[in-house]
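Listed below, chain by chain, are the residues.
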Amino acid sequence: MQRPVWLFSLDSERFEAVPMTTGGLAAYFAKYGSTAERTSIELVHFFQSEDIAEWFEASWNARFVYTARKAFAEGLQPVVGFSFYSWNTAEFLALIKSLRSSCPGLLVVGGGPHVQLADEFLSGDCIDVVAVGEGEQTFQELLDCENRESWYGVAGLAFLGSDAEVHRTPPRARHTRLDDLPSALDIVELRDAGGNPRYKAVGYETSRGCPHRCAYCEWGTGATGTKVYHFSPERIRDDLERLAQGGVEDIWFCDSNFGAFKQDLEKARILIDLRKRTGRPNNFATSWSKHHNRRTQEIVMLLFRSGMIHHYNLALQTMTPLALELSHRKNMKTSQVESVAKIMAEAGVPIAAELIWGLPGDNLTDFEANLDRLEALFPNINIFGYILLPGTEFYSRRKELEIETIPVAGYGKAKGEYVVRCITFCRQEGIEGYFLITSYIVLIRGNVIPLTARFLALEGSVPVSPLLRALLGALVDEFKSEMPRFDMNDKMVVYENRSALYLLMLAQESRCFSVISRVVDTWLETHTDNDELKAQVSRVVKLDLAFCPKVGPKRTIDYPFDFSAERVSYFLGRMELPPVGLFCNGLSQTLRIAHPAQVGEILMDPDGGSWMRGQIVS
């Protein structure tokens with residue numbers, strides 16, 4: 001009998017991707033392991049967390065547990081290994097407990113970015129040993145060990161010794177010749193027995209490392225380090241060719257600063273050639289260079305023109321000086337940001353700015369002012385709540401920076417801790433920041449009133465972000481009695497259940513926009529005495545109503561307007577304030593707007609709102 005080993009991975013948010021991490025571990029062991037011929041490795045890959053319970057009953061309890069017990073009986077050590085990320089840690093810790101309960105002698109190995117502070121996971125979480133740093137060679141040498149005493153000779157391990165103390169072996173030196181790592185695609189089957197693709201997407205590494213040491217990020221400060229090493233173009237081309245032939249449609253480059261290095265232009269050209277010949281990939285995404293340069297610009301435009309880029313993120317994260325200082329970041333000058341946004345918008349590239357709420361050094365007043373500035377520049381803004389990650393500088397300084405965190409419902413502490421207080425904002429302000437995120441996601445990303453918010457941001461005399469919070473508060477009050485399962489007075493609960501609120505709002509569109517119109521009118525009465533501006537905003541709200549995603553079947557709707565609605569929409573789409581003359585009553589027109597509709601059927605959350613908005617037809 002061969003020694004059985006199971007390697008587990010779990011996708012994030014229904015991202016049905018090739019298991020490259022566990023596949024890479026298995027491929028490395030198959031090539032270099034001295035006990036490879038006596039070992040059987042099974043890759044267990046879950047597309048979503050709901051699949052775990054089914055697998056445990058249908059596969060583990062029905063079959064694999066007996067294999068593990070038989071291995072024990074024959075003097076072999078069965079092994080289960082887990083690749084831990086923020087999105088799967090809670091599920092995997094629960095699964096480990098179930099596996100251990102059914103088969104107490106299993107050896108449990110942990111790796112991945114979320115367990116690099118191994119001490120916290122070796123005590124009480126059922127993990128026996130953690131691979132610290134890059135895992136391929138460490139895992140191979142661990143599997144080749146004859147006994148636990150041999151672990152002390154393997155670099156890059158952390159484990160509890162017989163004295164119940166955590167022992168760390170010397171750090172594992174990083175791989176500098178990445179092509180020596182065999183491809184996960186040597187192991188992973190991309191198509192099933194019928195020839196159908198198993199996976200829709202892939203997260204693919206073309207390099208390792210990050211040149212930056214952002215205090216909130218584990219990338220450059222943890223397992224990979226600041227020195228960046230690249231796979232060769234030949235290796236990348238071969239792997240991407242196999243992925244395309246295997247039916248993979250979407251490719252995410254798991255690089256920290258794609259576009260920052262001269263090799264990246266050649267990688268982009270490989271993708272473009274592949275798409276021309278095979279029709280794949282359909283979509284491309286990555287973590288772009290933190291500082292947009294000419295090379296980045298060229299790469300973005302090449303990939304956009306080839307039809308692969310559907311969004312481009314400018315990772316600003318924060319614009320508050322103290323938050324930048326504490327995070328060890330230096331963003332582009334404001335004039336450069338404005339220039340990039342304008343160039344991309346004019347070229348039709350769907351550019352988005354990226355912000356993080358909750359970084360030490362930030363505060364809600366400055367954050368909202370920065371958000372309003374960006375709302376006038378970028379058609380899209382991605383805002384994330386700050387998750388305190390193990391292995392980062394801020395994690396190690398949490399007491400000094402007075403960082404307070406909470407586990408959000410459905411997103412337990414094992415997965416990540418949301419920061420709600422630190423030295424520069426109180427808990428109430430921290431939670432209000434999450435309410436701001438919720439309001440932006442629901443109202444702007446959900447395509448409820450994006451044009452109204454953009455118009456006000458471009459006009460510049462009325463604060464927009466506090467208005468979004470006021471609108472969300474009124475909408476919560478209006479609809480909370482219809483969400484009795486949730487305590488909607490808790491703003492973090494609102495954050496967690498924003499999709500349910502969004503669908504409820506759209507299902508009762510007239511009621512929703514009645515609340516919106518009332519709150520906007522009150523806000524303008526409080527913040528401006530410009531009657532002309534009030535009338536213009538009222539008209540733009542009506543334009544948003546026309547474009548807002550609809551429930552029901554696909555259809556075309558005629559909307560009458562008492563102003564030049566199409567031209568107003570045109571200028572706002574270009575991130576420009578429409579000329580005042582376009583709002584004159586004498587420019588009445590009717591717009592025919594096609595709606596894909598199906599809110600609550602296909603559209604299930606506000607993040608997809610912009611894809612399901614109405615479109616003007618001639």
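Bear in mind the structure is a predicted one, so any value in this text is a computation, not a measurement. Throughout, residues of each chain are indexed from 1 in the direction in which the sequence is written. Per-residue local features are limited, in this predicted model, to residues with pLDDT of at least 70; the limit for side-chain atom pairs, both in listing and counting, is 80 or more; totals at the level of whole chains, interfaces and linings are taken over all residues. Calculated side-chain values reflect all of the structure's heavy atoms, with hydrogen atoms and water omitted.

Participant: How should the pattern of salt bridges be read in this particular structure?
Facilitator: Opposite charge on two side chains lets them pair, provided their charged atoms get close. A side-chain nitrogen of Lys or Arg and a carboxyl oxygen of Asp or Glu constitute a salt bridge if their distance falls within 4 Å. Under the definition given, this model contains 36 salt bridges. Note that Glu-509 and Lys-550 form a salt bridge whose closest N and O atoms lie 2.6 Å from each other. Of the two residues, Glu-509 sits in helix H18 (residues 509-527) while Lys-550 sits in the loop between helix H19 (531-547) and strand S19 (555-561), which places them 41 residues apart along the sequence. To sort residues, take the accessible area from a 1.4 Å probe on protein chains only and compare it with the maximum for the residue type: under 20% means buried, over 50% means exposed, and anything in between is partly exposed. The exposure class assigned to Lys-550 is buried, which follows from its relative accessible area of 3%. Between Glu-525 and Lys-534 there is a salt bridge, and its shortest N-O distance comes to 3.2 Å. Note on Glu-525: relative accessible area 55%, which makes it exposed. Secondary structure elements are defined from DSSP: runs of H or I of at least 4 residues count as helices, runs of E of at least 2 residues count as strands, and each element is numbered from the N terminus.

Participant: Help me out: how do you make sense of the packing of helix H13 (residues 427-445) against helix H15 (residues 465-479) in this one?
Facilitator: When two helices pack together, their arrangement is given by the angle between their axes and by how far apart the axes lie. Running from N to C, H13 and H15 cross one another at 80°; their axes reach a closest spacing of 8 Å. The angle between H13 and H15 falls in the class roughly perpendicular. The segment H13 lies against H15, with Glu-432, Phe-435, Leu-436, Thr-438, Ser-439, Tyr-440, Leu-443 and Ile-444 engaging Ser-465, Leu-468, Arg-469, Leu-471, Leu-472, Gly-473 and Leu-475. Comment: axis = line fitted to C-alpha atoms, over the contacting stretch for helices; angle = value between 0 and 180 degrees taken between N-to-C directions. Here the angle decides the label: under 35 degrees means roughly parallel, over 145 means roughly antiparallel, 65 to 115 means roughly perpendicular, and every other value means oblique. Contacts between residues were defined by any pair of non-hydrogen atoms, one from each residue, lying within 4.5 Å.

Participant: Could you clarify how one ought to interpret the packing of aromatic side chains in this entry?
Facilitator: What characterises a pair of aromatic rings is the spacing of the ring centres plus the angle enclosed by the ring planes. Each aromatic pair joins two rings of Phe, Tyr and Trp (for Trp, the six-membered one) with centres within 6.5 Å, and gets the label stacked for planes under 30 degrees apart, edge-to-face for over 60, and tilted for any other angle. This model, assessed by the stated rule, comprises 33 aromatic pairs. Ring centres 5.8 Å apart and planes at 70° place the aromatic pair Phe-455 and Phe-583 in the edge-to-face group. Taken as a pair, Phe-455 in helix H14 (residues 450-459) and Phe-583 in the loop between helix H20 (565-573) and strand S20 (589-595) lie far apart in primary sequence, 128 residues in all. Here Phe-455 matches Phe-583 in class, with each residue buried. Where Phe-561 meets Phe-563, the ring centres are 5.6 Å apart and the plane angle is 75°; that geometry is what we call edge-to-face. Owing to a relative accessible area of 7%, Phe-561 belongs among the buried residues under this scheme. Taking the relative accessible area as the measure of exposure, Phe-563 reaches 0% and is therefore buried. By the ring-pair criterion, three or more aromatic residues cluster together here, those being Trp-6, Phe-8, Phe-46, Trp-55, Trp-60, Phe-64, Phe-82, Phe-84 and Phe-92. For Arg-498, the ring lying beneath its charged end belongs to Tyr-495, and the centroid distance is 4.6 Å. To sit over a ring, a charge needs its Lys NZ or Arg CZ within 6 Å of the ring centre and within 35 degrees of the ring normal.

Participant: How do you make sense of the sheet that holds strand S2 (residues 39-46) when you look at a structure like this?
Facilitator: Strand pairing in a sheet takes place through backbone hydrogen bonds and is either antiparallel or parallel in direction. If you walk across this open sheet you meet the seven strands as S2-S1-S3-S4-S5-S6-S7, and the pairing is mixed. Single-partner strands in this sheet number two, and they are S2 and strand S7 (166-168). Strand after strand, the sheet turns through a mean of 20° between neighbouring axes, direction not considered. Lying over the sheet, helix H2 (residues 51-73) contacts strand S1 (3-10) and S2, oriented at roughly 165° with respect to S1. Strand pairing is assigned whenever DSSP detects at least two bridges linking the two strands.

Participant: How do you make sense of the side chain of Asp-362 when you look at a structure like this?
Facilitator: Within the element layout of this structure, Asp-362 appears in the loop between strand S14 (351-357) and helix H11 (364-375). For the buried Asp-362, no salt bridge exists, and the shortest N-O distance to an oppositely charged side chain is 10 Å, to Arg-329. Apart from residues lying up to four places away in sequence, Asp-362 is in contact with Thr-318, Thr-320, Ala-323, Ile-356, Trp-357, Phe-367, Thr-424 and Phe-425. Under the convention used here, Asp and Glu are negative, Lys and Arg are positive, and both His and the chain ends fall outside the count.

Participant: Hey, could you run me through the side chain of Asn-447 in this one?
Facilitator: Relative to the elements of secondary structure, Asn-447 occurs in the loop between H13 and H14. Pairs of N or O atoms are called polar contacts if they sit within 3.5 Å, as long as, within protein, a hydrogen donor faces a hydrogen acceptor (for residues adjacent in sequence, only side-chain-to-side-chain pairs). Within polar-contact distance, the side chain of Asn-447 engages the side chain of Arg-613 at 3.4 Å. The residues touching Asn-447, leaving out its near neighbours within four places in the chain, are Val-442, Phe-547, Cys-548, Pro-549, Gly-609, Ser-610 and Arg-613.

Participant: It is not clear to me how the nonpolar core should be interpreted in this structure. Could you clarify?
Facilitator: When a protein is soluble and globular, its nonpolar side chains tend to lie buried together. Membership of the largest hydrophobic core comes to 145 residues, with the highest contact counts inside it found for Val-18, Leu-240, Phe-284, Leu-303, Phe-394, Leu-443 and Ile-516. Looking at which element gives the most residues to this core, the answer is H13, with ten residues. Once you skip the residues sitting within four places of it in the chain, Ile-516 turns out to touch Val-448, Ile-449, Leu-471, Leu-475 and Val-541. Only buried residues count toward a nonpolar core. Its members are Ala, Val, Leu, Ile, Met, Phe, Trp, Tyr and Cys residues joined through side-chain atoms within 4.5 Å. Among the nonpolar cores identified, the runner-up in size contains 30 residues, and Val-44, Phe-84, Leu-93 and Phe-121 belong to it.

Everything listed is a geometric property; what it means functionally is a separate question.
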